[in-house]
Amino acid sequence: MNTTIFDFIGDHAGEWKVTSMIALKGEPIESVSHIQKISSSLVPSKKGIWTLKGIVSNLRYTEKEDKDNLVAIQEDLGRSEATLAAFIPIRKSEAWWNLAQDERRKIMENKSQHTQIGMKYLPAIARKLFHSRDIGEPFDFLTWFEYAPADAAAFEELLETLRKTEEWSYVDREIDIRLVRI
Ligand code: HEM
């Protein structure tokens, strides 16, 4: 099984049932009732109503101390009590991609404190980042989060905080899809 390339298939059936789907910024995507996440390959595949492809990649901006802390605290996906999920495809603007690596890191970590904010919500929120930009996909990132119902309010607070940061002013397309495990 390929453990780095995944297809997220929006369809009429699947392991995760959609409870809400909101285009927060930019063009919406077609409504679906279920999402299935499957191990895949780079071969273009059009399954279900839509398919979004993402790759688990190396870290770009995280320095050793943060990396060690993350590895020590974070939980994996697939915990039985984590029955809720969020699938949030995100695209950043050309202005973001025109910045140099060190400028992007400054905005994410020094000014927006992305990791520091996020760390407060571990291990309750399990997360996985998939990269899509380099394979010609419509989004740059596919983000996936899993949590127990008791942590749903904390997850909302995390999103509210991150979306007010300078980093988010570079987000030009964001679809917020919420799910419950069947
Ligand atoms: C990237 C941590 C929540 C969206 C990152 C990175 C870290 C991180 C360490 C940098 C990866 C690298 O070095 O390349 C966390 C933690 C969270 C959290 C601990 C707590 C649950 C979120 C949420 C969202 C999000 C709620 C969006 C809805 C992203 C995106 C990137 C990213 C899009 C890639 C940014 C880029 O490369 O430009 N996150 N994050 N994260 N995170 Fe989060």
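Computed from a prediction, not measured in an experiment: that's the story for all the values here.

The rules behind the values
Residues numbered from 1 in each chain as written. Predicted model: local features only at pLDDT ≥ 70, side-chain atom pairs only at ≥ 80, totals over all residues. Heavy atoms only, no water. Helix = DSSP H or I, 4+ residues; strand = E, 2+ residues; numbered from the N terminus. Rg over C-alpha atoms; globule rule 2.2 N^0.38 Å. Buried < 20%, exposed > 50% of the residue type's maximum accessible area, 1.4 Å probe, protein only. Contact = heavy atoms within 4.5 Å. Areas by Shrake-Rupley, 256 points an atom, 1.4 Å probe, with all protein chains shown as cover. Lys, Arg positive; Asp, Glu negative; His and termini not counted. Charge placed at Lys NZ, Arg CZ, Asp CG, Glu CD. Near = heavy atom within 4 Å. Polar contact = N/O pair within 3.5 Å; in protein donor to acceptor, adjacent residues only side chain to side chain. Nonpolar A, V, L, I, M, F, W, Y, C, P; charged D, E, K, R; others polar. Core = buried A, V, L, I, M, F, W, Y, C linked by side-chain atoms within 4.5 Å. Pairing = 2+ DSSP bridges. Phe/Tyr/Trp six-rings, centres within 6.5 Å; stacked < 30°, edge-to-face > 60°.

Draft legend 1. Layout of the overall build of the protein. Helices and strands together make up the secondary structure of the protein, namely five helices and eight strands. For a compact globule of 182 residues, the expected C-alpha radius of gyration is about 16 Å, and the protein comes in at 16 Å, within 12% of that figure. Overall, the C-alpha framework of the protein stretches about 40 × 35 × 30 Å when taken along its three principal axes. Considering the protein as a whole, with its 182 residues, one finds that 41% of them fall into the buried category. Considering only contacts in the protein between residues 6 or more positions apart, those separated by 24 or more positions represent 77%. A total of about 9,600 Å² of accessible surface is found on the protein, and carbon and sulfur atoms cover 53% of it. Placing the 25 positive and 29 negative side-chain charges of the protein at their respective mean positions leaves the two points 2 Å apart.

Draft legend 2. A look at the site of the ligand. Close contacts around the ligand come from 25 residues, with R60, Y61, T62, K92 and H114 the closest. The backbone of Y61 places a nitrogen or oxygen atom 2.8 Å from an oxygen atom of the ligand. One of the side-chain N or O atoms of T62 is found 2.6 Å from an oxygen atom in the ligand. Only β5 (84–92), α4 (114–119), β6 (126–131), β7 (141–147) and α5 (152–163) provide two or more residues apiece to the shell around the ligand. In terms of residue count, the dominant contributor to the shell around the ligand is α4 (four residues). For the shell around the ligand, the class distribution of residues is 17 nonpolar, five polar and three charged.

Draft legend 3. Structural detail: the side chain of D140. By the element assignment, D140 lies in the loop between β6 and β7. In this view, D140 contacts I90, R91, K92, W97, F130, H131, S132 and R133; residues no more than four positions away in its chain are not counted.

Draft legend 4. Just the nonpolar core, in detail. In this structure, I35, W50, F87, W144, I177 and L179 are the most contacted members of the largest nonpolar core, which totals 18 residues. Counting only elements with at least two residues in this core, the list comes to β1 (5–11), β2 (16–25), β4 (50–55), β5, β7 and β8 (171–181). Looking at this core element by element, the count peaks at three residues for β8. Formed by 15 residues, the second largest nonpolar core is a distinct cluster that contains I125, F145, F155 and W168.

Draft legend 5. Region of interest: the pairing of β8. Counting buried positions over the eleven residues of β8 gives eight, a clear majority of the element. Direction of pairing for β5 relative to β8: antiparallel, over a ladder of seven bridges. Counted as the bridge partner of L84 is V180 from β8.

Draft legend 6. Layout of unusual backbone geometry. Each neighbour pair has its own omega, and for L122 with P123 the value is 0°, a cis peptide bond. The residue P123 is located in the loop between α4 and β6 in this model. Within the chain, Q113 stands out as a residue other than glycine whose phi angle is a positive 50°. In this fold, Q113 is placed in the loop between α3 (101–111) and α4. Owing to a relative accessible area of 32%, Q113 belongs among the partly exposed residues under this scheme.

Draft legend 7. Quick peek at the packing of aromatic side chains. Following the criterion strictly, the structure yields ten aromatic pairs and no others. Judged by centre distance (5.5 Å) and plane angle (80°), the ring pair of W16 and W144 falls under edge-to-face. Taken as a pair, W16 in strand β2 and W144 in strand β7 lie far apart in primary sequence, 128 residues in all. There is no split in this pair, since W16 and W144 are both buried. On the basis of an interplanar angle of 55° and a centroid distance of 5.8 Å, the ring pair of F87 and W144 is categorised as tilted. On the criterion of sequence distance, the pair formed by F87 in strand β5 and W144 in strand β7 is long-range, its members being 57 residues apart. For the pair F87 and W144, a shared accessibility class is recorded, and that class is buried. Grouping aromatic residues by their ring pairs yields a cluster made of F6, F8, W16, F87, F130 and W144.

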